[in-house]
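For reference, the chains in residue letters:
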Amino acid sequence: MKKITIIGAGIVGIATAAYLRRDGHEVTVVDKLPPGEYTSSGNAGILSPGSCVPIAMPGILGKVPGYLSDPVGPLKVRWSYFPQALPWLFRFVTSTRLSRIESAADALSSLLSQTFDAHRPLAQNAGCSDMIRQTGYIVVYDTDEAYRKDALAWKLRRDRGVVCNAIDAAEIHWLVPALARNYARGVHLPEQGYVTNPERLTKTLARQFQKDGGTILQREVLDIEIGAQGPTALVTDAGRMEVETLVLCAGVHSGKFSAKLGDAVPLEAERGYHVTFSDPELELPMPVASAQNKLFVTPMEMGTRIAGQSEFAGIDAAPDYGRADVLVQHMKRMFPQVREAESTRWMGRRPSMPDSKPVIGRATKYANTYYAFGHGHVGLVGSAPTGRIIADLIGGRTPNIDISPFRVDRF
Ligand SMILES: Cc1cc2nc3c(=O)[nH]c(=O)nc-3n(C[C@H](O)[C@H](O)[C@H](O)COP(=O)(O)OP(=O)(O)OC[C@H]3O[C@@H](n4cnc5c(N)ncnc54)[C@H](O)[C@@H]3O)c2cc1C
């Protein structure tokens, strides 16, 4: 059994810790925050093998000017940050070639199709299976034309076995009666699901990991000491910690550590926002996505959450809650009856790679170091499958999927 240190107690780090502990390793997770309080706290909660379509799709470049000039559009770039984002954006654009899209969708599908299968054993062990709901969800479009423009994305999903049933306005109303009658077209994905509280899920799994003998330390990692064979110690704000095997799961902060370990990666903070309406007086039997506005509305245990937006402004810039106000406007259009009082706003940083694929696998230089970061829009969906893969690698087992598309040196 190995002595393993994980940097990061988001959903990826905690799921990885749980799988490693199940194998009997001595596992310590180090995070400057309590578990699940960074990006993994405020996401839309969607658990969907259907998220296998990369974000960089053909034609997206043509849509960008429209997105940027629309005050309620889904994309915002802070122009002072633009020069820094440019190399990432260039790679994003070069990822839109059809052959790359097909192979990225294959890779994502192989990982994300395991989401329920990999999450359930962890949730069962922690006594929180009720948080995982497989209700399906719907994606809606204002017009037939907008739906037709997304044909490639739906084909990519269907070709990979995702059940996607096209529905009309009457069927949309029948499935989600509370939704405004603004939508001409939709797709029902009956096999997808969601988590009723992503932060509580992470915290519950973290508590169970500790009960099962794992250790969580609240410390900031300032640096990594590296010897000839790889990392030997973490320098933290509470002193030095020796490490034997290291797993890097620090979300959007992983890039500076992987670069120090010899693996520079194009990792960008794709910032998103949510507004949670704690008493919306809405009955939602399943999540609803607006494809054109790139957002999800999810019925959660603490209220109804609308989440979306992509903002490029770097990791540290202050939140622009004007982007959350945009989400409120969309919410009112989708659900005009929503009660807005008692809503909370949040900003989080998706750790995004330009080809939408996370980094999963061993470091190129060091046999004692593994990476599990860069999950972008699918960190909740991909977390438990990733954790299982890392446990397989460290345990000397062959993972049940081909992980070469996720290797760190693919750029
Ligand atoms: C608006 C929005 C909606 C989303 N919706 C969904 C969704 O519906 N489904 C889905 O699958 N995904 C969704 N995502 C994406 C998902 O939230 C992320 O991919 C996921 O949370 C990433 O998890 P993580 O564990 O990699 O990173 P994080 O949750 O960011 O965890 C990284 C941890 O590392 C710690 N850390 C970093 N640096 C250090 C350091 N130096 N020392 C110590 N600790 C450190 C941080 O404190 C943090 O706790 C959404 C994201 C946003 C913003």
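Before reading on, note that the structure itself is shown above.
The text that follows walks through the structure, step by step, so that each part is easy to find.

**Quick look at the sheet that holds strand β3 (residues 46–47)**
Thinking step 1. Taken together, three strands build an open sheet; the order of strands is β3-β9-β5 and the sheet is antiparallel. In this open sheet, the two edge strands, each paired with only one partner strand, are β3 and β5 (132–133).
Thinking step 2. Judged from the two bridges that link them, β3 and strand β9 (residues 193–195) form a sheet pairing that is antiparallel. Within the sheet, the bridge partner assigned to Leu 47 lies in β9 and is Gly 193.

**Details of the site of the ligand**
Thinking step 1. Lining the immediate environment of the ligand, one finds 40 residues, of which Gly 10, Gly 251, Gly 272, Gly 379 and Leu 380 sit closest.
Thinking step 2. Of all the secondary structure elements, the ones that give two or more residues to the shell around the ligand are α1 (11–22), β2 (26–31), β15 (268–277), β19 (343–352) and α12 (379–394).
Thinking step 3. Its residues placed into classes, the shell around the ligand shows 20 nonpolar, 16 polar and four charged.
Thinking step 4. Each of two domains, domain 1 (3–41 + 200–266 + 356–406) and domain 2 (51–97 + 132–196 + 268–352), supplies a minimum of three residues to the shell around the ligand.

**Considerations on the pairing of β2**
Thinking step 1. Bridge analysis of strand β1 (residues 3–7) against β2 gives five bridges, and the strand direction is parallel. Of the residues in β2, the one forming a bridge with Ile 7 is Val 30.
Thinking step 2. After leaving β1, the chain enters α1 and then returns to the sheet as β2, a path that is right-handed.
Thinking step 3. Pairing of β2 with strand β10 (residues 215–218), which is carried by four bridges, proceeds in the parallel orientation. If you follow Val 30 over to β10, its bridge partner there is Leu 217.

**Points about the sheet that holds strand β13 (residues 239–242)**
Thinking step 1. Strand order in this open sheet of three strands is β11-β12-β13, and the pairing throughout is antiparallel. The open sheet has two edge strands, β11 (221–227) and β13, and neither has a second partner. Strand-to-strand twist across the sheet, computed as the mean angle between neighbouring axes with direction ignored, equals 25°.
Thinking step 2. Where strand β12 (residues 230–236) and β13 come together, four bridges link them in antiparallel fashion. Following the sheet pairing, Leu 234 is matched in β13 by Met 241.

**Some points on the environment of Tyr 273**
Thinking step 1. Residue placement: Tyr 273 occurs in strand β15.
Thinking step 2. Residues Tyr 273 and Asp 320 lie 47 residues apart in sequence; the distance between their C-alpha atoms is 9.1 Å.
Thinking step 3. Beyond its immediate chain neighbours, meaning those up to four positions away, Tyr 273 contacts Gln 309, Arg 323, Ala 324, Leu 327, Arg 345, Trp 346 and Met 347.

**Some points on the packing of helix α5 (residues 115–126) against α12**
Thinking step 1. Orientation of α5 relative to α12, taken along the N-to-C sense of each, is 75°, at an axis distance of 8 Å. One way to sum up the angle between α5 and α12 is to call them roughly perpendicular. Along the contact surface, α5 presents Thr 115, Ala 118, His 119 and Leu 122, while α12 presents Val 381, Ala 384, Pro 385 and Arg 388.
Thinking step 2. Across the contact of α5 with α12, the residue classes tally to five nonpolar, two polar and one charged.

Reading the values: rules and limits
All residue numbers refer to position in the chain's written sequence, counted from 1. Per-residue local features are limited, in this predicted model, to residues with pLDDT of at least 70; the limit for side-chain atom pairs, both in listing and counting, is 80 or more; totals at the level of whole chains, interfaces and linings are taken over all residues. One bridge is not enough; two strands pair if DSSP finds at least two bridges between them. Secondary structure elements are defined from DSSP: runs of H or I of at least 4 residues count as helices, runs of E of at least 2 residues count as strands, and each element is numbered from the N terminus. Nearness between a residue and a molecule or strand is assessed with a C-beta atom placed from the backbone; a distance within 6 Å qualifies. Three residue categories are used. Nonpolar comprises Ala, Val, Leu, Ile, Met, Phe, Trp, Tyr, Cys and Pro, charged comprises Asp, Glu, Lys and Arg, and polar comprises the others, including Gly. What counts as a domain boundary in this text is fixed by an automatic or database domain assignment. Orienting the strands away from the viewer, one traces the path from the first strand over the helix to the second; a clockwise path indicates a right-handed crossover. What counts as an axis is a line fitted to C-alpha atoms, over the stretch in contact for a helix, and the angles between N-to-C directions run from 0 to 180 degrees. This entry defines residue contacts through backbone-placed C-beta atoms, with two residues in contact when those atoms are within 7 Å. Each angle gets one of four labels, with under 35 degrees taken as roughly parallel, over 145 as roughly antiparallel, 65 to 115 as roughly perpendicular, and the rest as oblique.

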